[in-house]
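# Reading the structure
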Amino acid sequence: DNTPCKMRVYVENGQLRPFSAVIDTPRGPNTVAIRNIGQIEFPFASNVYANDVEDPSPECVQASATIQGGALRTYPFDTLVDSVEVLLKTDGRPLNARIELLQGPNNNKEVIELYTEDGF
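Residues numbered from 1 in each chain as written. Predicted model: local features only at pLDDT ≥ 70, side-chain atom pairs only at ≥ 80, totals over all residues. Heavy atoms only, no water.

### What about the sheet that holds strand β1 (residues 5-11)?
Strand order in the open sheet formed by 3 strands is β1-β3-β2, and the pairing between neighbours is antiparallel. Each edge of the open sheet is held by one strand with a lone partner, namely β1 and β2 (95-102). Averaged over all neighbouring strand pairs, the angle between strand axes comes to 10 degrees, with direction disregarded. As defined by bridge partners, β1 adjoins strand β3 (residues 108-116) across 7 bridges and the pair is classed as antiparallel. Bridging across to β3, C5 finds its partner in T116. (Pairing = 2+ DSSP bridges. Helix = DSSP H or I, 4+ residues; strand = E, 2+ residues; numbered from the N terminus. Axes fitted to C-alpha atoms, helices over the stretch in contact; angles between N-to-C directions.)

Have a look at this one:
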């Protein structure tokens, strides 16, 4: 499998909570493939913009904390927050993570499963 970065995204309501991501493409030409694995009754709109994409905010980079393999860390925030910025990065090792937006116990609104070969 020659897929340096793989994401699997579940969103309960894509109109209420649209998903967006910035993917670093450090080496040479790249291709983004988007596959809808949902039922035919659940189409979605997509767009890939590949020029001058914003970098992570300096606040997000400076506030990062190490999460060891197998560990869970939660970041609660107020109901008035419209969106959050998530930055995941390693020192070049593979990155395998699951990001969940929860609303109450065991109530997933969004789930992103992320794998990247070199963690950048």
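### Remarks on a nonpolar patch on the surface
Nonpolar side chains collect at one region of the surface, where M7, V9, F19, I23, V32, I34, F44 and V48 lie side by side and expose about 660 Å² of accessible area between them. Relative to the assigned elements, F44 resides in the loop between β1 and α1 (58-62). F44 sits in the partly exposed class, given a relative accessible area of 47%. (Patch = residues over 30% accessible without salt bridge, like charges linked within 9 Å, V, L, I, M, F, W, Y side chains within 5 Å. Areas by Shrake-Rupley, 256 points an atom, 1.4 Å probe, with all protein chains shown as cover. Salt bridge = Lys/Arg side-chain N within 4 Å of Asp/Glu carboxyl O. Buried < 20%, exposed > 50% of the residue type's maximum accessible area, 1.4 Å probe, protein only.)

### Some thoughts on the side chain of E110
Position of E110 relative to the elements: it lies in strand β3. The buried charged residue E110 lacks any salt bridge, with R17 as its nearest oppositely charged partner at 5.3 Å. When sequence neighbours within four positions are dropped, the list of residues in contact with E110 reads Y10, V11, R17, P18, F19, I99, E100 and L101. (Lys, Arg positive; Asp, Glu negative; His and termini not counted. Contact = heavy atoms within 4.5 Å.)

### Comments concerning the confidence of the model for the protein chain
Summarising the model, the protein chain shows a mean pLDDT of 85, and 96% of its residues fall at 70 or more. Confidence, read as mean pLDDT per element, is least for α1 in the protein chain (85) and greatest for β2 (90). (pLDDT = per-residue confidence, 0-100.)

### Topic: the pairing of β2
Pairing of β2 with β3, which is carried by 8 bridges, proceeds in the antiparallel orientation. Within β3, the position partnered with L102 by the bridge is N108. The hairpin formed by β2 and β3 contains 5 residues between the paired strands, and G104 there has a positive phi angle of roughly 90 degrees.

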